[in-house]
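If you want the building blocks of each chain, they are given just below.
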Amino acid sequence: MDRIPILKMGHYLLVTIQVDLYDRLALNLENDLISMVSKTEAKGVLIDISAVSIVDSFMGRILGNIASMSRIMDAETVVVGMQPAVAITLVELGLTLQGVHTALNVERGMELLQNMIGLHSSPEDEEEAPDDRNE
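Residues numbered from 1 in each chain as written. Predicted model: local features only at pLDDT ≥ 70, side-chain atom pairs only at ≥ 80, totals over all residues. Heavy atoms only, no water.

1. Focus: the environment of Val15
Right, so step 1: You can see Val15 is positioned in strand β2 (residues 12-16).
Right, so step 2: Relative accessible area serves as the criterion here: at 0%, Val15 is assigned to the buried category.
Right, so step 3: When the C-alpha positions of Val15 and Pro5 are compared, they lie 6.4 Å apart, and in sequence the two are 10 residues distant.
Right, so step 4: Ignoring sequence-local partners within four residues, the contact set of Val15 consists of Ile4, Pro5, Ile6, Leu29, Leu33, Leu46, Ile47 and Asp48. (Helix = DSSP H or I, 4+ residues; strand = E, 2+ residues; numbered from the N terminus. Buried < 20%, exposed > 50% of the residue type's maximum accessible area, 1.4 Å probe, protein only. Contact = heavy atoms within 4.5 Å.)

2. Structural notes on helix α2 (residues 57-72)
Right, so step 1: The end-to-end C-alpha distance of α2 is 22 Å, a good match for the 22 Å that 16 residues give at a rise of 1.5 Å each.
Right, so step 2: Among all positions in α2, only Phe58, Met59, Gly60, Ile62, Leu63, Gly64, Ile66, Ala67 and Ser70 are buried.
Right, so step 3: For α2, the elements touching its buried residues are α1 (23-40), β3 (44-48), β4 (76-80) and α3 (84-92).
Right, so step 4: Where α2 ends, the next residue or the one after it, Asp74, has phi of about 70°, a positive value. (Expected span 1.5 Å × (residues − 1).)

3. Focus on the nonpolar core
Right, so step 1: Counting 30 residues, the largest nonpolar core has Val15, Ile17, Leu21, Leu33 and Ile47 as its most contacted members.
Right, so step 2: Elements with a contribution of two residues or more to this core: β2, α1, β3, α2 and α3.
Right, so step 3: In this structure, Leu21 is in contact with Ile4, Ala26, Leu29 and Met59, ignoring residues within four places of it in sequence. (Core = buried A, V, L, I, M, F, W, Y, C linked by side-chain atoms within 4.5 Å.)

4. Notes on the packing of α1 against α2
Right, so step 1: Close contact between α1 and α2 brings their axes to 10 Å; oriented N to C, the two are set at 10°. Viewed along their axes, α1 and α2 adopt a mutual orientation that is roughly parallel. Judged by residue contacts, Asp23, Ala26, Leu27, Glu30, Leu33, Ile34 and Val37 of α1 engage Phe58, Ile62, Asn65, Ile66, Met69 and Ser70 from α2.
Right, so step 2: Residue composition of the contact of α1 with α2, by class: 9 nonpolar, 2 polar and 2 charged. (Axes fitted to C-alpha atoms, helices over the stretch in contact; angles between N-to-C directions. Parallel < 35°, antiparallel > 145°, perpendicular 65-115°, else oblique. Nonpolar A, V, L, I, M, F, W, Y, C, P; charged D, E, K, R; others polar.)

5. Examining the side chain of Thr40
Right, so step 1: Structurally, Thr40 can be placed in helix α1.
Right, so step 2: Separated by 2.6 Å, the side chain of Thr40 and the backbone oxygen of Met36 make a polar contact. (Polar contact = N/O pair within 3.5 Å; in protein donor to acceptor, adjacent residues only side chain to side chain.)

Below, the structure written as structure tokens:
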């Protein structure tokens with residue numbers, strides 16, 4: 001059975017959809033992603049749909065469901081990489097994707113998640129090395 005990989009990056013889950021979703025694959029993604037949010041206690045979910053060229057009302061509903069269930073489980077959802085044709089189709093279908101935040105690319109999406117959640121991936125507390133030149 002096909003599955004979309006879900007990667008854990010710190011407090012976040014990253015999903016890169018590289019194929020057009022058919023109904024069973026979309027349902028599997030929804031179930032797997034919500035299970036991973038619960039298991040990892042993720043604070044954010046980033047879904048990259050840059051390779052998706054076809055969207056229908058079912059996929060739009062799945063994205064909305066993922067966002068709603070994630071929010072109930074204390075995680076925010078950001079969808080990135082939406083192609084113009086996909087955005088146009090979603091608007092024409094009347095889907096507003098309630099609760100789904102969007103960004104142009106993965107980098108901006110991760111920044112948005114960090115700002116929404118208040119967690120910043122900063123380097124470990126770096127102490128300055130003592131300056132031995134004056135000794």
